[in-house]
Amino acid sequence: MESRVLTGGATAIRGLPLLRKPAAVMKFNTATGNSFPATTTAKPVGPLLSGAGAGANLIWGRQLRPAILLEASPKRESIKPCFSAASSPAESSDSAGDAKVGFFNKATLTTGFLFFMWYFLNVIFNILNKKIYNYFPYPYFVSVIHLAVGVVYCLLSWAVGLPKRAPIDSTQLKLLTPVAFCHALGHVTSNVSFAAVAVSFTHTIKALEPFFNAAASQFILGQQIPLALWLSLAPVVLGVSMASLTELSFNWLGFTSAMISNISFTYRSIYSKKAMTDMDSTNVYAYISIIALIVCIPPAVIIEGPKLLQYGFNDAIAKVGLTKFVTDLFWVGMFYHLYNQVATNTLERVAPLTHAVGNVLKRVFVIGFSIIVFGNRISTQTGIGTCIAIAGVAIYSFIKAKMEEEKRQKKAP
């Protein structure tokens, strides 16, 4: 007698002896006197896959599929699993090895790809942005271009329904406006710093952002910050101080602008907590970009408008040509919007600790690649200070993520 064994959608294999089906457990109904098969459920031994089909349980390293009744032919065929539940450690070795293969599932590969794109787009943005400032030093105007290209991208995405535009009312608009204002201020001052000093130095100063976040939480929101977090920030402050004292490209405009950027993004985080909405992150970022663009246009016109009309545009075109000038501005705007959007989508898929590590590694990548590409000379003290600051951020992020995870576990039923 022939039988079929189907495994994960593979083709039928003939010639194998029929496996005896386990005897069904019967229950007896005392009221009717009839017996009937007992209903059993399989407990999943693995977590649900993020990003996989909703409700798809994992058991013994394989995904459970809906029951299939084969009644196409008179001969009754049974579908049997390749592995049964292991009753001993020795028997479970195959299933454990099978579960390891699950690491290369679609959800994991997608998250890894998003991390790669986040870093890649961020590095390309920072390099192209600095190259533009080398021949067109107008950060207010360039900041407007960053946001304008992103807004056009969002409007076109809404027009084709990818994603579908979420409606916004006056209440949500009032909540998002402070967030967008702080986003605009932080973005402009970051670009002022990028234009004034080396990219690596700006990112070293921006490593102080966790310190400002902790200070705001303690003294503005009234949240008690544990001593361990404050101690972990000491290397960050020390490292930034060491790097600043001997930075060859140091000037007060670049340093002060980066510090204002830190404060602005700290307040953006505070207002973001108050502006919780059920809108998806893509739509929220689109609305914030639109409002931020409106905020950035007036200072760009007032501060840089006359210079641009007199000689700014003409000088840039004379140096690189009209085509390169326009394409550089377009692509730097696209990279800015895409890396922010990919970062948002990436961080939604991972745990807080992975989020923290990802942010630290991103800054390391940007600093390292900017030094290589632009050939920036840095002193030994600046290099050591930068490493100390990044290490301090890593320690702070690790401790904070662990605390957040413990809070979640306590709240969980």
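Along each chain, numbering runs from 1 in the same order as the chain's sequence is written. This being a predicted model, a pLDDT of at least 70 is required before a residue's local features are given, and a value of 80 or more before pairs of side-chain atoms are given or counted; all residues contribute to the totals for chains, interfaces and linings. Side-chain metrics rest on all non-hydrogen atoms present in the structure, leaving aside hydrogens and water.

Under an unreviewed UniProt entry, the name given to the protein chain is Sugar phosphate transporter domain-containing protein, and the organism recorded is Anisodus acutangulus. In UniProt, the protein chain has this text filed under Subcellular location (unreviewed entry): "Plastid, Chloroplast membrane". UniProt positions are given in the numbering used here, feature names are shortened, and annotations may be inferred rather than shown by experiment.

Q: I'd like a description of the nonpolar core, backed by residues and values.
A: Generally speaking, a soluble globular protein has its nonpolar side chains buried in company with each other. Definition used in this section: a nonpolar core is a set of buried Ala, Val, Leu, Ile, Met, Phe, Trp, Tyr and Cys residues joined via side-chain atoms within 4.5 Å. Only protein chains enter the accessibility calculation, which uses a 1.4 Å probe; a residue whose area is less than 20% of its type maximum is buried, one above 50% is exposed, and one in between is partly exposed. The biggest cluster of nonpolar side chains holds 44 residues, and the ones touching the most others in it are W118, I132, F136, F141 and L329. Note on conventions: DSSP H or I runs of at least 4 residues are helices, E runs of at least 2 residues are strands, and numbering of each starts at the N terminus. Residue contributions to this core peak at twelve residues, all from helix α2 (residues 106–135). The residues touching L329, leaving out its near neighbours within four places in the chain, are I132, F141, V142, I145 and V149. Counting 22 residues, the second-largest nonpolar core is a separate cluster that includes A207, A214, L233 and A258. The contact rule is simple, with two residues in contact once any of their heavy atoms fall within 4.5 Å.

Q: Let's hear about the UniProt feature "transmembrane region" (unreviewed entry) in the protein chain: which residues, and what values?
A: Cross-referencing UniProt, the feature "transmembrane region" (unreviewed entry) maps to residues 109–128, 140–160, 252–271, 283–302, 322–339, 360–376 and 382–399 in the present numbering. Between the end C-alpha atoms of residues 322–339 the distance is 26 Å, and the span holds 100% helix and 0% strand.

Q: Summarise the environment of I371; cite the residues concerned and give the values.
A: Tracing the backbone shows I371 in helix α11 (residues 352–374). On the basis of relative accessible area, I371 is assigned to the partly exposed category, the value being 23%. The sequence separation of I371 and I127 amounts to 244 residues, and the corresponding C-alpha distance is 9.9 Å.

Q: Quick one: what's the story with the packing of aromatic side chains, residue by residue and with numbers?
A: A pair of aromatic rings is counted whenever rings of Phe, Tyr or Trp (Trp by its six-membered ring) have centres within 6.5 Å, and the orientation is called stacked for planes under 30 degrees apart, edge-to-face for over 60 and tilted otherwise. In the structure shown here, the tally under the stated rule is 25 aromatic pairs. With a centroid separation of 5.8 Å and an interplanar angle of 85 degrees, the aromatic rings of F211 and F212 are classed as edge-to-face. By relative accessible area, F212 is classed as buried at 17%. One aromatic cluster is present, formed by Y135, F136, Y138, F141, F313 and F325 through successive ring pairs.

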